[in-house]
Amino acid sequence: MIKTELEALRHELPEGVTLVAVSKFHPVEALREAYDAGQRVFGESRAQELQAKAPLMPADTQWHFIGHLQTNKVRPVVSHAALIHSVDSPRLLRAIAAEARRQQRRTDVLLQLHVAQEETKFGFTPDELRDFLASGEIEELADAVRVRGVMGMASNVDDTDRIRADFRAIRAALPEGCDIVSMGMSDDWQIAVEEGANMVRIGSRIFGAREY
Ligand SMILES: *Cc1c(COP(=O)(O)O)cnc(C)c1O
């Protein structure tokens, strides 16, 4: 049951770690059940799905966007998301900033790191992130986007040493002055927290398997 899983997770998570309930592909009824059990922060990975669900949930629901975002789909995400975890290129950050200015908002974002061995994962390598930080562009966009920290995923492997090393590399890339480290999912969040995560994104453990 969603409520039971949420309560168990809240006991397991150390204080100061924010739980993002990843609700992608799950119907609004499931989100409501989580909301009624006290959950307020939800993670979605597709712009259209976020746009469809947001009006159906109470106004104090906090939406986090965690999926790959195309620059032509930023509008609904900037409208609804309290935090965009998945900024994986300078170009996307610029597009979010332009849209946030248009909507007269300031959007909080995380920069996504790519450290996993799979080539399909999006994000900055630690070197690319260092160069981007050095470019000064983040300061130029700061009126519209506030970079709050980093997000990343570990390699999809059983080798816990590798998973731990990936999380360590993500944590090490946290820019100075930033405070959010978003890492850890249903199967690896304990290691992520040990390695400094203060935000975890957990889906299937709460809502069960997704039907794509
Ligand atoms: C789907 C997803 C999650 C949640 O994964 P689970 O294994 O279901 O907990 C976390 N982060 C991102 C970026 C995701 O796309």
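Parameters at a glance
- Residues numbered from 1 in each chain as written.
- Predicted model: local features only at pLDDT ≥ 70, side-chain atom pairs only at ≥ 80, totals over all residues.
- Heavy atoms only, no water.
- Salt bridge = Lys/Arg side-chain N within 4 Å of Asp/Glu carboxyl O.
- Buried < 20%, exposed > 50% of the residue type's maximum accessible area, 1.4 Å probe, protein only.
- Helix = DSSP H or I, 4+ residues; strand = E, 2+ residues; numbered from the N terminus.
- Near = heavy atom within 4 Å.
- Polar contact = N/O pair within 3.5 Å; in protein donor to acceptor, adjacent residues only side chain to side chain.
- Areas by Shrake-Rupley, 256 points an atom, 1.4 Å probe, with all protein chains shown as cover.
- Nonpolar A, V, L, I, M, F, W, Y, C, P; charged D, E, K, R; others polar.
- Core = buried A, V, L, I, M, F, W, Y, C linked by side-chain atoms within 4.5 Å.
- Contact = heavy atoms within 4.5 Å.
- Pairing = 2+ DSSP bridges.
- Right-handed = clockwise from strand over helix to strand, strands pointing away.
- Arc of directions from axis to C-beta.

Draft legend 1. Broad picture of the pattern of salt bridges. If you walk through the whole model with that rule in mind, you get 19 salt bridges. Ionic pairing is found between K53 and E44, a salt bridge with its closest N-O pair at 2.8 Å. Exposure class is identical for K53 and E44. Each is buried. A salt bridge links D108 to R146, with the shortest nitrogen-to-oxygen separation between them at 3.0 Å. Linking D108 in strand β5 (residues 107-113) with R146 in strand β6 (residues 145-152), this pair joins segments that are 38 residues apart in sequence. Residue classification places R146 among the partly exposed residues on the basis of a relative accessible area of 35%. Ionic contacts of the salt-bridge type, sharing partners, join the residues E44, R46, E49 and K53 into one network.

Draft legend 2. Highlighting the site of the ligand. Looking at the ligand, the residues that line it are V22, K24, I66, M151, M153, M185, S186, R201, I202, G203, S204 and R210. A distance of 2.7 Å separates an oxygen atom of the ligand from a polar atom in the side chain of K24. Within the backbone of G203, a nitrogen or oxygen atom sits 2.8 Å from an oxygen atom of the ligand. Burial of the ligand by the protein chains amounts to 89% of its free accessible area of 390 Å². For the shell around the ligand, a count of residues per class yields six nonpolar, three polar and three charged.

Draft legend 3. Looking closely at the nonpolar core. In terms of nonpolar packing, the biggest core is built from 64 residues, with F42, I96, V200 and I206 touching the most fellow members. With six residues, the top contributor of residues to this core is helix α5 (residues 90-102). Leaving out residues up to four positions away in the same chain, I206 has contacts with I2, E5, L6, L9, L19 and A21. Core analysis: the next-biggest nonpolar cluster, separate from the first, contains seven residues, L83, L110, M151 and M199 among them.

Draft legend 4. Region of the structure containing the pairing of strand β2 (residues 41-44). The alternating pattern of β2 places V41 and G43 on one face and F42 and E44 on the opposite face, and all of these are buried. Summarising the sheet, strand β1 (residues 18-22) and β2 pair through two bridges and their orientation is parallel. Bridge pairing links V22 to G43 in β2. The handedness of the β1 to β2 crossover, carried by helix α2 (residues 28-36), is right-handed. For the segment spanning β2, helix α3 (residues 47-53) and strand β3 (residues 62-65), crossover handedness is right-handed.

Draft legend 5. View of α2. Buried residues of α2: V28, A30, L31, A34 and Y35, and no others. When α2 is viewed along its axis, its buried side chains cluster within an angular range of 155 degrees and face the same direction. Exposed and facing more than 90 degrees away from the buried side of α2 are E29 and D36. Taken together, the buried residues of α2 touch α1 (2-12), β2, α3, β3 and α10 (204-207). In the stretch just after α2, G38 is the one whose phi turns positive, near 100 degrees.

Draft legend 6. Broad picture of the environment of E137. As for its placement among the helices and strands, E137 is situated in helix α7 (residues 137-140). As for E137 and P90, which are separated by 47 residues in sequence, their C-alpha atoms are 8.6 Å apart.

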